[in-house]
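Below are the chains, spelled out letter by letter.
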Amino acid sequence: MQKFAVGQAVRRVEDERFLKGEGRYVDDIVLDNMVHAAFVRSPFAHAKIGKIDTSVASGMPGVIKILTPKDVKKAGLGAFPTLTAVDGVDENGIAVPQRFALTGDVARFVGDPVAMVVAKTQAQALAAAEAVMVDYEDRPAVVDLATVLDRKTRLIHSKLKSNRAYHFHKGDEPGVDRAIASAGHVTRLTFVNNRVAPSAVEPRGSIGDFDKAKDQLVLYVSGQAVHGQRGQMADVIFKVPPEKIRVVMPDVGGGFGAKNFVYPENVMVMLAAKLVGQPVKWIAQRSENFLSEIHGRDHLTTAELALDEDGNFTALKICTRANMGAYLSSYATIIPTSASWVSMGGNYSIPVVSMSVDAVFTNTVPVDAYRGAGRPESAYLIERLVDLAAFETGRDPIELRRQNFIRQYPHQMALGMVIDCADFEGTLNKALALHDADGFARRRKASERKNRLRGLGVSSYLEVTLGLPSDFAEIRFEDDGTVSLMTGGQSTGQGHETTFKQIISSELGIAPGKVRYITGDTDVIKTGGGHGGSRSLMVIGSAVLTTSHEVVSKGKLAAAHVLEASAQDIEFKSGKFAIIGTDRAIGVLDLAARLRAIADSLPEGIPRTLSSTKTWERKQFSYPNGVHVCEVEVDPETGMTEITGYTVVDDFGRIINPLIAGGQVLGGAVQGIGQALLEGVVYDEAGQMLTGSFMDYCMPRAQDLPSIDVDFNQDAPTQSNPLGVKGAGEAGATGAPPAVVNAVLDALKPLGIGHIDMPLTPLKIWQAMTAASREQAAQ
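Right, let's walk through the structure included here. (Residues numbered from 1 in each chain as written. Predicted model: local features only at pLDDT ≥ 70, side-chain atom pairs only at ≥ 80, totals over all residues. Heavy atoms only, no water.)

1. Brief notes about the overall build of the chain
Then, number 1: The secondary structure content of the chain amounts to 19 helices and 28 strands.
Then, number 2: Taken over the C-alpha trace, the chain has a radius of gyration of 28 Å; the compact-globule value for 779 residues is 28 Å, and the two agree within 12%.
Then, number 3: Principal-axis analysis of the C-alpha atoms places the extent of the chain at approximately 95 × 70 × 50 Å.
Then, number 4: A total of 779 residues make up the chain; the buried ones form 60% of that total.
Then, number 5: Relative to all contacts within the chain whose residues are 6 or more apart in sequence, the contacts with residues 24 or more apart total 80%.
Then, number 6: Within the structure as shown, the chain displays about 30400 Å² of accessible surface, and the carbon and sulfur contribution to it stands at 50%.
Then, number 7: Positive and negative charge centroids in the chain, built from 80 and 90 side chains respectively, lie 4 Å apart. (Helix = DSSP H or I, 4+ residues; strand = E, 2+ residues; numbered from the N terminus. Rg over C-alpha atoms; globule rule 2.2 N^0.38 Å. Buried < 20%, exposed > 50% of the residue type's maximum accessible area, 1.4 Å probe, protein only. Contact = heavy atoms within 4.5 Å. Areas by Shrake-Rupley, 256 points an atom, 1.4 Å probe, with all protein chains shown as cover. Lys, Arg positive; Asp, Glu negative; His and termini not counted. Charge placed at Lys NZ, Arg CZ, Asp CG, Glu CD.)

2. Focus: the side chain of Arg402
Then, number 1: With respect to the helices, strands and loops of the structure, Arg402 is situated in helix H11 (residues 397-404).
Then, number 2: A polar contact of 3.5 Å, which involves the side chain of Arg402, links it to the side chain of Glu425.
Then, number 3: Once residues within four sequence positions are removed from consideration, Arg402 is found in contact with Arg407, Glu425, Leu428, Asn429 and Leu432. (Polar contact = N/O pair within 3.5 Å; in protein donor to acceptor, adjacent residues only side chain to side chain.)

3. Thoughts on unusual backbone geometry
Then, number 1: Following Tyr409, the chain continues to Pro410 via a peptide bond in cis, the omega torsion being 0 degrees.
Then, number 2: Along the polypeptide, Pro410 turns up in the loop between H11 and strand S16 (411-412).
Then, number 3: Each neighbour pair has its own omega, and for Met758 with Pro759 the value is -5 degrees, a cis peptide bond.
Then, number 4: When you line up the elements, Pro759 lands in the loop between helix H18 (731-747) and helix H19 (762-778).
Then, number 5: We note that Lys239 has phi near 60 degrees; this positive angle belongs to a residue other than glycine.
Then, number 6: Mapped onto the secondary structure, Lys239 falls in the loop between helix H6 (226-238) and strand S11 (245-248).
Then, number 7: The backbone of Ser574 sits at a positive phi, close to 55 degrees, despite the residue not being glycine.
Then, number 8: The residue Ser574 is located in the loop between strand S22 (570-573) and strand S23 (576-579) in this model.

4. Structural notes on the nonpolar core
Then, number 1: By size, the foremost hydrophobic cluster in this structure holds 105 residues, and its most contacted members are Leu305, Leu316, Tyr646 and Leu748.
Then, number 2: Setting aside residues no more than four positions away along its own chain, Leu316 makes contact with Val176, Glu304, Leu305, Met344, Gly345, Ile350, Val352, Val353, Ser354, Leu381, Ile382 and Leu385. (Core = buried A, V, L, I, M, F, W, Y, C linked by side-chain atoms within 4.5 Å.)

5. Examining helix H7 (residues 264-276)
Then, number 1: Helix length check: H7, at 13 residues, gives a terminal C-alpha distance of 18 Å against a target of 18 Å (1.5 Å per residue), a fit within 8%.
Then, number 2: Among the 13 residues in H7, 11 count as buried, and that is most of the element.
Then, number 3: Pro264, Glu265, Asn266, Val267, Met268, Val269, Met270, Leu271, Ala272, Ala273 and Val276 are the residues of H7 that are buried.
Then, number 4: After H7 finishes, the residue Gly277 shows a positive phi value of roughly 75 degrees. (Expected span 1.5 Å × (residues − 1).)

6. Here's the deal with the pattern of salt bridges
Then, number 1: Counted according to the given criterion, the structure contains 41 salt bridges.
Then, number 2: Here Arg41 and Glu265 are joined by a salt bridge, their closest N and O atoms 2.8 Å apart. With a gap of 224 residues between them, Arg41 in strand S1 (residues 35-41) and Glu265 in helix H7 connect regions that are remote in the sequence. As far as burial versus exposure is concerned, Arg41 and Glu265 are alike and both buried. (Salt bridge = Lys/Arg side-chain N within 4 Å of Asp/Glu carboxyl O.)

7. Topic: the side chain of Glu463
Then, number 1: Following the sequence through the fold, Glu463 ends up in the loop between strand S18 (453-462) and strand S19 (470-477).
Then, number 2: Among the polar contacts listed, one links the side chain of Glu463 to the side chain of Arg375, at a separation of 2.8 Å.
Then, number 3: With sequence-adjacent residues up to four places away left out, Glu463 is seen in contact with Arg375, Ser534, Ser622, Tyr623, Pro624, Glu730, Ala731 and Thr734.

8. Quick look at the sheet that holds strand S4 (residues 106-107)
Then, number 1: If you walk across this open sheet you meet the 3 strands as S4-S2-S6, and the pairing is antiparallel. Strands at the two margins of the open sheet, each flanked by one partner only, are S4 and strand S6 (133-138). (Pairing = 2+ DSSP bridges.)

9. A look at the pairing of strand S9 (residues 205-211)
Then, number 1: In terms of burial, S9 is largely enclosed, as 6 of its 7 residues are buried.
Then, number 2: The antiparallel hairpin formed by S9 and strand S10 (residues 216-221) contains 4 residues in its connecting segment, where Asp215 sits at a positive phi of about 50 degrees.

10. Quick notes on the pairing of S18
Residues in a regular strand point their side chains to alternate faces of the sheet.
Then, number 1: The element S18 is extensively covered by neighbouring structure, given that 9 of its 10 residues are classed as buried.
Then, number 2: Of the strand pairs in this sheet, S18 and strand S26 (residues 625-634) are connected by 10 bridges, and their pairing is antiparallel. Looking at S26, one finds that Ser459 is bridged to His628.

11. Concerning the packing of helix H10 (residues 375-393) against H18
Then, number 1: Running from amino to carboxyl end, H10 crosses H18 at an angle of 25 degrees, the nearest separation of the two axes being 8 Å. By the angle between their axes, H10 is roughly parallel relative to H18. When the axes of H10 and H18 are compared, the crossing they make is right-handed. When H10 is examined against H18, the residues Arg375, Pro376, Ala379, Tyr380, Glu383, Arg384 and Asp387 are found in contact with a partner set consisting of Ala733, Thr734, Pro737, Pro738, Val741, Asn742 and Leu745.
Then, number 2: Within the contact of H10 with H18, the residues separate by chemical class into 8 nonpolar, 2 polar and 4 charged. (Axes fitted to C-alpha atoms, helices over the stretch in contact; angles between N-to-C directions. Parallel < 35°, antiparallel > 145°, perpendicular 65-115°, else oblique. Left-handed = near helix turned anticlockwise from the far one by under 90°. Nonpolar A, V, L, I, M, F, W, Y, C, P; charged D, E, K, R; others polar.)

12. As for the sheet that holds strand S21 (residues 515-518)
Then, number 1: Spatially, S21-S20-S19-S25 is the arrangement adopted by the 4 strands of the open sheet, whose pairing is mixed. Each edge of the open sheet carries a strand with a single partner, namely S21 and strand S25 (612-617). Averaged over neighbouring strand pairs, the angle between their axes works out to 20 degrees when direction is ignored.
Then, number 2: Alignment of S19 against strand S20 (residues 483-487), held across 5 bridges, turns out to be antiparallel. When the sheet's bridge partners are listed, Ala473 is paired in S20 with Thr487.

13. Things to note about the environment of His157
Then, number 1: If you trace the backbone, His157 turns up in the loop between S6 and strand S7 (164-171).
Then, number 2: Owing to a relative accessible area of 5%, His157 belongs among the buried residues under this scheme.
Then, number 3: As for His157 and Glu137, which are separated by 20 residues in sequence, their C-alpha atoms are 15 Å apart.
Then, number 4: Contact partners of His157, with chain neighbours within four places excluded, come to Pro97, Arg108, Ala326, Tyr327 and Phe361.

14. A closer look at the packing of aromatic side chains
Then, number 1: Tallying each qualifying case throughout the model produces 15 aromatic pairs.
Then, number 2: Relative to Phe694, the ring of Phe290 lies with its centre 5.5 Å away and its plane at 75 degrees, an arrangement referred to as edge-to-face. Of the two residues, Phe290 is situated in helix H8 (residues 286-292) and Phe694 in the loop between helix H17 (658-677) and strand S28 (708-712); the sequence distance between them amounts to 404 residues.
Then, number 3: Of the residues examined, Phe290 reaches a relative accessible area of 4% and is grouped as buried.
Then, number 4: Its relative accessible area of 31% is what places Phe694 among the partly exposed residues.
Then, number 5: An angle of 5 degrees between the planes, with centres 5.7 Å apart, marks the rings of Tyr348 and Phe405 as stacked. (Phe/Tyr/Trp six-rings, centres within 6.5 Å; stacked < 30°, edge-to-face > 60°.)

15. What to know about the environment of Leu300
Then, number 1: For Leu300, the position within the fold is in strand S13 (residues 299-307).
Then, number 2: For the pair formed by Leu300 and Ala146, sequence separation is 154 residues and the distance between their alpha carbons is 7.6 Å.
Then, number 3: Not counting the four nearest positions on each side in its chain, Leu300 is found in contact with Leu145, Ala146, Thr190, Phe191, Val192, Cys319, Thr320 and Arg321.

16. Here we look at H11
Then, number 1: Within H11, burial applies to Ile398, Leu400, Arg401, Arg402 and Asn404.
Then, number 2: For H11, the N-terminal capping position is held by Asp396, with its side-chain oxygen 2.8 Å away from the main-chain nitrogen of Ile398.

17. Examining the environment of Ala225
Then, number 1: Within the secondary structure, Ala225 sits in the loop between S10 and H6.
Then, number 2: For the pair Ala225 and Gly257, spaced 32 residues apart in sequence, the C-alpha to C-alpha distance is 9.8 Å.
Then, number 3: Each residue touching Ala225, except ones within four places of it in the same chain, is listed here: Asn260, Gln490 and Gly530.

In structure tokens, the structure reads:
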């Protein structure tokens, strides 16, 4: 077997340079004559902006230029775009308030950028930013989702009729209402899916430059989706042809969706670079990142699950109020709608579903895609309802899941999506066995002897591989005997380079050391869909595979000519083209070199190079799914929760690299555990963020986590793509929150506690236990 083949747990080739400190992140880039930027941000959540006085700041040491909204207007920059093509939005459409690179009239969240200082050093820029004096007229802030649409609530955007951005509906509401009315039992739950801050290791940052010779704006960015960002900035903001903007993405220290979008800072460093004639760098400080980078989740939902007398699910109704923040970010409109309904109902056979969403504006940081982007919200909703239904009807939550699992495929879900294949029960059985769920009763008794409450929680989640449906790969044979692989996606830590090289190694027999991976530069890579929706392996990996097949097809024709045989007599195996039944053969790299040497003399019909490019397009979705099993101990005196065991079994179809796939699961699961127990962005009534640093925003640490066991079920490979894979990048963050919450509430079940909103902090748990104890005592 090859040492670098598909299916093997190969260590990431990228890691060697990272571990040696040879990674190249945006803050590592130093351009000639580069200067630095800092932003003046609104300290108010809602305030009219009056005079911006830059006189003192302009005279401070090192200050080169101060830009205000007047400069943005003078440059003719357009408003920021947002996606408005959302099926299911009512006749009122989507209200899109204008947002510009600097806010000129009204600040609408704490952190809204008002002015930009350019200075010789970062310290000088920051100092001068403090000296810019802005006249603010403070206004009442709107932060409460429960009251945001009340008639007495102040409008955030005065030109709009209400604080509603849009109303969305999908499904059969009359059918659902009839099923609920005739149900044997209806479980109803109003709950919060808490707001979280993405908090990548590397905060956002960018460098703007201007190439006078090409009349081209250049952006180096810690980001995702370089072509998508270039397209939005060129078409709508700078109003220039796409080739007049170059976007370069070096190594990125995590993105989780939050770096996919067009941000004011990225636009401003490019504008400033053109105006001052020097490259301009901006690197966010951590507190600034909290105030300016998009947040995730933040839903207030009321959901109803109807069951018949035998416990079969008959209907699901969802009414969600989704917080958009102060403005509509690039893809904000699809997160609670198109990206959510595709998996609504999960792994269960539910005849009718109705889903309504009111997206609303508040005086908070804009909300957009965060790891999972809609599917974790759907998974949390159904998995909490199933556990609560079991609690209310006295059923076993695991057996209630088994009873209602989808079992025949393909299966069309109530809202229209078609699941091509799965093995929900097999995955559940494998996870329970791996976790030793049969031994839980024994462990619970041991916990009781220590005055601890022990709980076991399960989530059986459904994901969908989304993102842009097509992408390309180019395999280019270079003059120096190496191979360049170019794709339209970018990695922010997923291990693309290793995985794609494994595909090439398996298909072409080319050693990974001979392959150079090139990505993340719009001048070099002419098109691409970036990454998002866990699309990279399914879409880009399939493009790499089909391009490899094209190399083989070309190679057989070329090898037939070089070896003086018929093309039908040529076979390709283990990196060599050979005449069948003989020992006459030539390696793929040797053939590429031979073609370069004789290219001018080749007859018509014989390829002059093995270099190939192919585009692959998704025709149907794939459905990653899995089971998370979480076991906890709760201290009844303090409310502290300890996760004592955690097991994951995922169905990602064919596993290309178990080590990388497992790493993606671990990272996502930790983020999901963080949301469930620790993380939550909190605003006060004035719109001030109370969790603007890691002193107040609690991130999961190693001491908060157990060893997480990860395994895979590969018994249901998908036919939706030639690799047979299903996306893995967001699954951990989808399955973890409900598993953890279900485990804690299972521990609290003896107290009669049915639900606590995330994050389940010690204080919340203690308060719930105290209230339940008082209620029991009163009875």
